[in-house]
Amino acid sequence: MDWRLRNDGDRLVASPTGRVDEDSWKAFSTHLTAAVRDAVAAKAPLVIDLSGLEYMTSKGLRALTMAKNEARGQVAIRLAAPNETMRRILSISRYDMLFPVVDDVDQAG
Amino acid sequence: MLVRFWGTRGSLPVAPHADVALAKVARALVAAGGRRFADEAEAAKFARAELDFATYGAFGGATPCVEIEADEDAFAICDMGSGLRDFGLSATRRCAEGHPRVYHFFLSHLHWDHIMGFPFFRPAYETGARIVIHTGHADAEAALRRQQEAISFPVPFDELKAHIEFIVHRPEESFEAAGMEVSLVRQSHARGSFGYRFDRPGKAVVYSTDAEHKPEDMDLEEDVEAFFANADLVICDTMYSLGEAVSLKQDLGHSSNVVAVDLCHSAGARRLALFHHEPSYSDADIQRMHEETLRYEEAVRGERPRLEVLCAYDGLEVSL
Ligand SMILES: [Zn+2]
Ligand SMILES: [Zn+2]
């Protein structure tokens, strides 16, 4: 898993790539928590661009939950551009009920 | 080894209302499309081949009770949910054919859905039967005695004729019982629960129910994976979706299908049985959960061999 974070005007866009699984979830979670803190400090929503992600296991999903807990409602966390596998995983886990999911990073304003 | 599921529902026994059977019959008749069958056996063959399990069958509504057949000298039973009544009747028949009347129970914990079958366990009323109750909870005997106090049940515990003993185990120490090497592990649940691993040379079964795998405890999951390592069958609490387990149902002490798949993948387990089904789920709901679990397993399998995912139902037998 690789991770990039960029400032995109009034929002932060995080782009993990590869897989989030039992080998990579700790790195993913560490980056994610740091990004949430940055977003809270900047009072900017955090968009997670999933387009480069092959898939994410429950470890990654639960890292998203920890990030949401970290944000304590102060900033929104949105998921954008999941591939078909990720979309299926979000639906099966019902995470699409916990996080807003949009097709396009640009829609995730 | 043979694993027999006598009760697979979580929390509360359930039974279908009349309209559930009617809907199934109606669906089957529509699917048959006017076809004629010589007899019921032929119709049953058609039903199995052409209909889904939620239509021709049912997952059942008895609470947790799982038999592990490994040894000819003793029965081994995980939990005493309402499924225990049917196991007791089956065991009585098998004992009439010469099976020794020795019963080893392994209790995950003492919540009602896991002990409520014991007052209805016929062998407990038989002189000459020997019942050994293995538990991680020091107050297991108090829990079983209490549910047979006069306010709750007409026959007091002391009137049971079988020889009953309780053995409280510590998680660090494995032991021998019913021809198996048994180890237990503490799990996250209200007042704690215990998972059991049963090993025979070359075969292993894990019974892990009523266990929550919380986001903030993910660091500790390597221990769970080690406990599940290379098991031929892992029976897992998959009561809620992960989304529910981390939000509305947080801290209720249960797990999800996707976490169970991940633990089994990491552990190199061969088969997973989805277990402790939510009592409000219909057969179609449970079947959908099973289908979704198969899709999830495929999505996150990576380069691993396929994990076989079964959905436990009352009456399922799995031979290993
Ligand atoms: Zn339970
Ligand atoms: Zn419980």
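Residues numbered from 1 in each chain as written. Chains lettered and ligands numbered in written order. Predicted model: local features only at pLDDT ≥ 70, side-chain atom pairs only at ≥ 80, totals over all residues. Heavy atoms only, no water.

Caption draft 1: Examining the sheet that holds strand E11 (residues 233-237) of chain B more closely. Residues and elements named next belong to chain B. Pairing is mixed in the open sheet, where 7 strands are placed in the order E7-E8-E9-E10-E11-E12-E13. One side of each edge strand has no neighbouring strand; the edge strands of this open sheet are strand E7 (175-177) and strand E13 (308-311). Pairs of neighbouring strands in the sheet enclose a mean axial angle of 25°, with direction left out of account. Direction of pairing for E11 relative to strand E12 (residues 271-275): parallel, over a ladder of 4 bridges. Of the residues in E12, the one forming a bridge with Ile-235 is Ala-273. Across the sheet, helix H8 (residues 257-267) lies against E11 and E12, angled at about 160° from E12, the strand it touches most. (Pairing = 2+ DSSP bridges. Helix = DSSP H or I, 4+ residues; strand = E, 2+ residues; numbered from the N terminus. Axes fitted to C-alpha atoms, helices over the stretch in contact; angles between N-to-C directions. Contact = heavy atoms within 4.5 Å.)

Caption draft 2: Local environment of the sheet that holds strand E5 (residues 130-135) of chain B. Residue and element names in this part refer to chain B. If you walk across this open sheet you meet the 7 strands as E6-E5-E4-E3-E2-E1-E14, and the pairing is mixed. Of all the strands in the sheet, the pair left with one neighbour each is strand E6 (163-168) and strand E14 (317-319). Shown here is a sheet whose adjacent strand axes are inclined to one another by a mean of 20°, direction ignored. Note that strand E4 (residues 102-106) and E5 share 5 bridges and pair parallel.

Caption draft 3: Looking closely at the packing of aromatic side chains. Within the structure shown, the criterion is met by 24 aromatic pairs over all chains. Taking 6.0 Å as the distance between ring centres and 70° as the angle between the ring planes, the aromatic pair formed by Trp6(B) and Phe87(B) counts as edge-to-face. Taken as a pair, Trp6(B) in strand E1 (residues 2-7) and Phe87(B) in helix H4 (residues 84-96) lie far apart in primary sequence, 81 residues in all. As far as burial versus exposure is concerned, Trp6(B) and Phe87(B) are alike and both buried. When the centroid spacing of 5.7 Å and the interplanar angle of 65° are considered together, the rings of Phe106(B) and Tyr196(B) count as edge-to-face. You can see Phe106(B) sitting in strand E4 and its partner Tyr196(B) sitting in strand E9 (residues 193-200), a full 90 residues away along the chain. Each member of the pair Phe106(B) and Tyr196(B) is classed as buried. Each member of the aromatic cluster is reached from another via a ring pair, and the members are Trp6(B), Phe75(B), Phe87(B), Tyr103(B), Phe105(B), Phe118(B), Phe121(B), Phe157(B) and Phe166(B). Here the basic side chain of Lys68(A) rests over the ring of Phe99(A), its NZ or CZ set 4.8 Å away from the ring centre. (Phe/Tyr/Trp six-rings, centres within 6.5 Å; stacked < 30°, edge-to-face > 60°. Buried < 20%, exposed > 50% of the residue type's maximum accessible area, 1.4 Å probe, protein only. Lys NZ or Arg CZ within 6 Å of the ring centre and 35° of its normal.)

Caption draft 4: How the structure looks around the coordination of the zinc ion (ligand 2). Residue and element names in this part refer to chain B. Around the zinc ion (ligand 2), the donor atoms from the protein are His-109 (NE2), His-111 (ND1), His-189 (NE2) and Asp-210 (OD), and they sit 2.1 to 2.6 Å away. Taken together, the 4 donor atoms coordinating the zinc ion (ligand 2) span angles of 89 to 176° at the metal, a pattern that classifies the geometry as irregular. Spacing between the donor residues of the zinc ion (ligand 2) along the chain follows H-x1-H-x77-H-x20-D. Between the zinc ion (ligand 2) and the zinc ion (ligand 1), a separation of 3.7 Å is found, and both are coordinated by Asp-210. With His-111 in the loop between E4 and E5 and His-189 in the loop between strand E8 (180-187) and E9, this residue pair connects regions lying 78 residues apart in the sequence. (Donors = N, O, S within 2.8 Å, 3.2 Å for Na, K, Ca; no water. Tetrahedral: all angles 85-135°; square planar, octahedral: opposite > 155°, others 65-115°.)

Caption draft 5: Up close: unusual backbone geometry. All names here are of chain B. The phi dihedral of Asp-79 falls on the positive side, at around 65°, and the residue is not glycine. Inspection of the secondary structure puts Asp-79 in the loop between strand E3 (75-78) and H4. For Asp-79, a relative accessible area of 0% puts it in the buried group. Positioned with a positive phi, Arg-191 is a non-glycine residue whose angle comes to about 65°. Counting through the fold element by element, Arg-191 comes out in the loop between E8 and E9.

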